[in-house]
Amino acid sequence: MTLSSTTPRPLVAGNWKMNGLSAALDEARAVAAALDQKPAAARVAIFPSALLLHRLAETVEGGAVLVGAQDCHGKASGAHTGDVSAEMVVDAGGTMVIVGHSERRTDHAETCAQVAGKVEAALAAGLEPIVCVGEPLEKREAGQAVTYVVEQIRNSLPASLTGQAFNVAYEPIWAIGTGHVASIDNIVEMHAAIRAELVAKFGEQGKVTPILYGGSVKPDNAREILAAAEVGGALVGGASLKAKDFLAIIEAA
Ligand code: PGA
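Since the model is a prediction, treat every value here as computed from it, not as a measurement.

**Student:** In this structure, what is going on with the overall build of the protein? I would like to understand it.
**Tutor:** What the protein contains, in helices and strands, is 11 helices and 8 strands. Here the C-alpha atoms of the protein give a radius of gyration of 17 Å, agreeing with the 18 Å that 2.2 N^0.38 yields for 253 residues. Along the first, second and third principal axes, the C-alpha atoms of the protein reach 45 × 45 × 35 Å. On the protein, roughly 11400 Å² of surface is accessible, and the fraction owed to carbon and sulfur atoms is 54%. Of the side chains in the protein, 20 bear a positive and 28 a negative charge, and the two mean positions are spaced by 1 Å.

**Student:** Please explain the pattern of salt bridges as it appears in this structure.
**Tutor:** Opposite charge on two side chains permits them to pair, given that their charged atoms come into close proximity. Here the structure, examined in full by the defined rule, presents 14 salt bridges. With a shortest N-O distance of 2.9 Å, Lys38 and Glu251 are connected by a salt bridge. Of this pair, Lys38 sits in the loop between α1 (25-37) and β2 (43-47) while Glu251 is found in helix α11 (residues 243-252), placing the two residues 213 residues apart along the sequence. Across the salt bridge formed by Glu128 and Arg43, the nearest N and O atoms sit 2.9 Å from each other. Taken together, the residues span a long stretch of sequence, with Glu128 in strand β5 (residues 128-133) and Arg43 in strand β2 at a distance of 85 residues.

**Student:** Sorry if this is basic, but what is going on with the site of the ligand here?
**Tutor:** Neighbouring the ligand are 13 residues, the closest being Lys17, His101, Glu171, Gly177 and Ser216. Take Glu171: an N or O atom from its side chain is 2.6 Å from an oxygen atom of the ligand. One of the backbone N or O atoms of Gly237 is found 2.8 Å from an oxygen atom in the ligand. When the free accessible area of the ligand is taken as 280 Å², the share hidden by the protein chains comes to 97%.

**Student:** Please clarify how the nonpolar core should be interpreted in this entry.
**Tutor:** General note: in soluble globular proteins, nonpolar side chains tend to be found buried as a group. Ranked by size, the top nonpolar core spans 64 residues in total, and within it Leu157, Val168, Ile194, Leu198 and Tyr213 carry the most contacts. The contact partners of Leu157, leaving out residues within four places of it in the chain, are Val131, Phe166, Val168, Leu198, Lys201 and Phe202. Listed in part, the 11 residues of the second largest apolar core include Ala13, Ala45, Cys132 and Leu212.

**Student:** What am I meant to see in helix α8 (residues 184-202) here?
**Tutor:** Note that an α-helix has 3.6 residues per turn; residues three or four places apart therefore point the same way. The end-to-end C-alpha distance of α8, which contains 19 residues, comes to 26 Å, matching closely the 27 Å that a straight helix rising 1.5 Å per residue would cover. Residues of α8 that are buried include every one of Asn186, Ile187, Met190, His191, Ala193, Ile194, Arg195, Glu197, Leu198 and Phe202, and no others. Two residues or fewer past α8, Gly203 is found with a positive phi of approximately 60 degrees.

**Student:** I keep staring at the packing of α1 against α11 and nothing clicks. Help me out?
**Tutor:** Angle between the axes and distance between the axes: these two values describe a pair of packed helices. Viewed as axis vectors pointing N to C, α1 and α11 meet at an angle of 35 degrees, and their least axial separation amounts to 9 Å. The element α1 and its partner α11 pack so that their crossing is right-handed. Side by side, α1 and α11 meet where Glu27, Ala30, Val31, Ala34 and Leu35 of the first sit next to Ala243, Phe246, Leu247 and Ile250 of the second. Along the lines of polarity and charge, the residues of the contact of α1 with α11 split into 8 nonpolar, no polar and 1 charged.

**Student:** What is the right way to read helix α7 (residues 145-156) from this model?
**Tutor:** Its 12 residues give α7 an end-to-end C-alpha distance of 16 Å, which sits within 8% of 16 Å, the value for a rise of 1.5 Å per residue. For α7, the complete set of buried residues consists of Ala145, Val149, Val150, Gln152, Ile153 and Ser156. Along α7, the residues classed as buried sweep out an arc of 155 degrees about the axis, all on the same side.

**Student:** Got a minute to help me understand the sheet that holds strand β1 (residues 11-15) in this structure?
**Tutor:** One key point about sheets: their strands pair by backbone hydrogen bonds, in either a parallel or an antiparallel sense. Around the barrel, 8 strands lie side by side as β1-β2-β3-β4-β5-β6-β7-β8; this closed barrel has parallel pairing. With strand direction ignored, the average angle separating the axes of adjacent strands in the sheet is 25 degrees. By the bridge criterion, 5 bridges tie β1 to β2 in an arrangement that is parallel. Bridge pairing in β2 links Asn15 to Phe47. Lying on the sheet, α11 is in contact with β1, β2 and β8 (233-236); it crosses β1 at an angle near 160 degrees.

**Student:** For this particular structure, what's the right way to read the pairing of β8?
**Tutor:** The side chains of a regular strand alternate between the sheet's two faces. Neither face of β8 is left uncovered, since the one carrying Gly233 and Leu235 and the one carrying Ala234 and Val236 both have all their residues buried. Looking at chain direction, β1 and β8 are connected through 4 bridges and run parallel. Counted as the bridge partner of Gly14 is Val236 from β8. Each parallel crossover has a hand, and for strand β7 (residues 211-214) linked through helix α10 (residues 222-227) to β8 it is right-handed.

**Student:** So what exactly am I meant to see when it comes to the environment of Asp245 here?
**Tutor:** Examined against the element boundaries, Asp245 turns out to sit in helix α11. Take Asp245: its relative accessible area is 30%, and that puts it in the partly exposed class. Along the chain, Asp245 and Asp220 lie 25 residues apart, while their C-alpha atoms are 9.4 Å from each other. Setting aside residues no more than four positions away along its own chain, Asp245 makes contact with Pro219 and Ala239.

Calculation notes
- Residues numbered from 1 in each chain as written.
- Predicted model: local features only at pLDDT ≥ 70, side-chain atom pairs only at ≥ 80, totals over all residues.
- Heavy atoms only, no water.
- Helix = DSSP H or I, 4+ residues; strand = E, 2+ residues; numbered from the N terminus.
- Rg over C-alpha atoms; globule rule 2.2 N^0.38 Å.
- Areas by Shrake-Rupley, 256 points an atom, 1.4 Å probe, with all protein chains shown as cover.
- Lys, Arg positive; Asp, Glu negative; His and termini not counted.
- Charge placed at Lys NZ, Arg CZ, Asp CG, Glu CD.
- Salt bridge = Lys/Arg side-chain N within 4 Å of Asp/Glu carboxyl O.
- Near = heavy atom within 4 Å.
- Polar contact = N/O pair within 3.5 Å; in protein donor to acceptor, adjacent residues only side chain to side chain.
- Core = buried A, V, L, I, M, F, W, Y, C linked by side-chain atoms within 4.5 Å.
- Buried < 20%, exposed > 50% of the residue type's maximum accessible area, 1.4 Å probe, protein only.
- Contact = heavy atoms within 4.5 Å.
- Expected span 1.5 Å × (residues − 1).
- Axes fitted to C-alpha atoms, helices over the stretch in contact; angles between N-to-C directions.
- Left-handed = near helix turned anticlockwise from the far one by under 90°.
- Nonpolar A, V, L, I, M, F, W, Y, C, P; charged D, E, K, R; others polar.
- Arc of directions from axis to C-beta.
- Pairing = 2+ DSSP bridges.
- Right-handed = clockwise from strand over helix to strand, strands pointing away.

Here it is as structure tokens:
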């Protein structure tokens, strides 16, 4: 997808992680129905498991909910048992993909170079990526959070993103699934540093690339987080699993 010249709408993305069986399609259906009744200011996307992606895409087809995958391989096809290619995501009805989530970087030892390769593969297939970055607790405690994340941005975003629609998500690892949300000061400081790096790397385009915050975003803190400087949306894990909570976050954007 090529870049639009207008300022992007905020993006509220629900990352279901390794949660959700067939019955979870009802939650997606409820989100789609609510947005149909009352269109949201934000763009809304759901990232279910790879196995549910096709059915979810069919469930919400024609409505406001975008669908994406939680990961894709860096190669277009081949002998990579258990992996999913970007083209398969498109074939199943997805238009977006999350790459470089900290759980992939940790559980599967994904490096920034591999993440950049996945971004290339996503773009080649026509997917809009959300590239995740975020520091572990020890880097924050050592006062190295900003340097660490800026380095991740430098190494995870290939130059081929120039002119393409993409998003960055800042997710401090210590805030994911823990209920410990980063302070607004932490968020503003980091988003400013990411913005500066995006502008250095992509010029004018870098000024408008949405930078999402992720890490324990809930209905009761979403409004304040989404209103913070340079926060262009939210990547929501736990609170995206129930339509009611996810809709409350969408409403706050
Ligand atoms: P959480 O997950 O909202 O459950 O903290 C966020 C994420 O990892 O995307």
